[in-house]
Amino acid sequence: MVDKQGEGARGQPATSAWSVPQGRRTDEWSLCVVRVAEHRDRAAFAKFFAHFAPLIKAFALSGSSLSAAHADELVQEVMLKVWQKAAGFNPEKAAASTWVYTIARNCRTDMFRRLQKFDTQLEAEDVGFELEGHEPTSALHAERGAQRVRELMNHLPQDQAQILAKVYMEGKSHSETAAELGLPLGTVKSRVRLAIQKLQVFMAAGSEE
Amino acid sequence: MVKHHPDSNTLAEYSANSLPAAQSVCVSTHLDHCTLCQQKLAQLESIGGVMLEDTAPVSVDPQVFEDVLLRLDEVPDDRAANDANASTLSWTVKQVRQGNLDKLQWKKVSRSLRIADLGRIDGATEFSLYHISEGGRIPQHNHSGTEMTLVLQGGFSDESGAYHAGDFIVREAGDVHAPAALPGGDCICLAVLEAPLRFTHWHHRWLSPLLQLRAG
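Remember, predicted model here, so these are calculated numbers, not experimental data. (Residues numbered from 1 in each chain as written. Chains lettered and ligands numbered in written order. Predicted model: local features only at pLDDT ≥ 70, side-chain atom pairs only at ≥ 80, totals over all residues.)

1. What to know about the overall build of chain A
Part 1: Scanning chain A from terminus to terminus reveals nine helices and zero strands.
Part 2: Secondary structure of chain A in N-to-C order comes out as α-α-α-α-α-α-α-α-α.
Part 3: Split into buried and exposed, the 209 residues of chain A put 42% on the buried side.
Part 4: Expressed as a percentage of contacts within chain A between residues at least 6 apart in sequence, the contacts between residues at least 24 apart total 59%. (Helix = DSSP H or I, 4+ residues; strand = E, 2+ residues; numbered from the N terminus. Buried ≥ 20, exposed ≤ 12 C-beta atoms within 10 Å, placed from the backbone. Contact = placed C-beta atoms within 7 Å.)

2. Comments concerning the interface of chain A and chain B
Part 1: With 68 residues of chain A in contact, the opposing surface of chain B contributes 53 residues.
Part 2: Mapped by element, the contributors of at least two residues to the side of chain A that touches chain B are helix H3 (42-61), helix H4 (68-85), helix H5 (96-115), helix H6 (138-153), helix H7 (158-169), helix H8 (174-181) and helix H9 (185-198) of chain A.
Part 3: Of the residues contributing to the side of chain A that touches chain B, the split by class is 37 nonpolar, 18 polar and 13 charged. (Nonpolar A, V, L, I, M, F, W, Y, C, P; charged D, E, K, R; others polar.)

3. What about the confidence of the model for chain B?
Part 1: When pLDDT is averaged along chain B, the result is 82; 82% of the residues meet or exceed 70.
Part 2: Here residues 196-216 of chain B is modelled with pLDDT under 50, and outside its nearest four sequence neighbours on either side it reaches 25 contacts, counting other chains as well. (pLDDT = per-residue confidence, 0-100.)

4. Here we look at the sheet that holds strand E10 (residues 180-181) of chain B
Residues and elements named next belong to chain B.
Part 1: Taken in spatial order, the three strands make up an open sheet running E7-E6-E10, and their pairing is antiparallel. With partners counted over all chains shown, the strands left at the sheet margins are strand E7 (161-164) and E10, one partner each.
Part 2: Here strand E6 (residues 155-158) runs beside E7; their pairing, made up of four bridges, is antiparallel. Within the sheet, the bridge partner assigned to Phe156 lies in E7 and is Tyr163. (Pairing = 2+ DSSP bridges.)

5. Concerning the domain arrangement of chain B
All names here are of chain B.
Part 1: Domain parsing of chain B yields domain 1 (8-83) and domain 2 (101-215).
Part 2: Tallying the contact residues gives nine residues for domain 1 and eleven residues for domain 2.
Part 3: Class assignment for the residues of the side of domain 1 that touches domain 2 results in five nonpolar, four polar and no charged. (Domains from an automatic or database assignment.)

And the structure:
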């Protein structure tokens, strides 16, 4: 459960809601989501849409996985989910961009399943894991982690960055990545592991196995 | 205390939704019980967030925003109603994750082994629960593809060691083992057998000794 008492700033009057409360994630996109959650604020939603819709469209088109029409449809679905799920966003647990990524990832998976006409009735959320409401100590780690990932991403060797893009943007499995790049599967796996080490992703969570 | 976890490649694929659905059920059920992997997942998802933020934007037709505005007041689909339908895979997965295993359809294979077939996911995977009675053993078998196992209740041991509830184990193709339930209670495991060439073509049904048992 989110500790509403401890957040303090959440109950501020609307007029000062754009100010930056202490101890909270302060980026403007997180504030937009909080505004949407608490006030159903369409102006904040429009601002969020203007920033993220073109990024989600790029995500949809990466690896030429979806047509332009389906990419627009994906943007719509993701943004509707943002509106519907805003109350479940906890700015102390994840950056807004990470939260949107998980929504876009799930919507794209479900769209793939629909387009490929899989007959199994299973949605991405059925097999997903939402960190919301779990393990309170992960909050700080997640926030530090996201900042560190951003700083370190620029220093990744090109071959590792390329593979992360295949995995995270195109949603390719390791074996699909290996096939597309003409690399042995073991090489893809070790590059992913190296990239994760370089991004110090697991530093906060404990030792890498 | 969970001792065996998914490796970082598996968690990375899971965090990008590129793990096949049945394997994802194993990982998500492990995550339900493992705070360490929950933290790792949060970090891995932040890679996706950063990459999304840093990607080159593609302009979106203003009409898309107008369409979204018109739909904001729509009531989302009521998934809970659909989930009440016991024939759906969604429902089955929910029972597995919540530990309501007696609600599933079990089939007695031998004196000490019962199997609940959870259904085909995406046409290329064997996806089942195994219930081994205390003191029971699964006949020795090898794998022509990767086998992913999650211990849900009790524990089992094989040539490589002993495993307990929450443990996540991967056996590669060619491994041979004969798992036996640990003393002290029955053992229930979630197991996914992956056909080696998932994306190229649909495979014939698997003919491992286990499935011959199940068919009989």
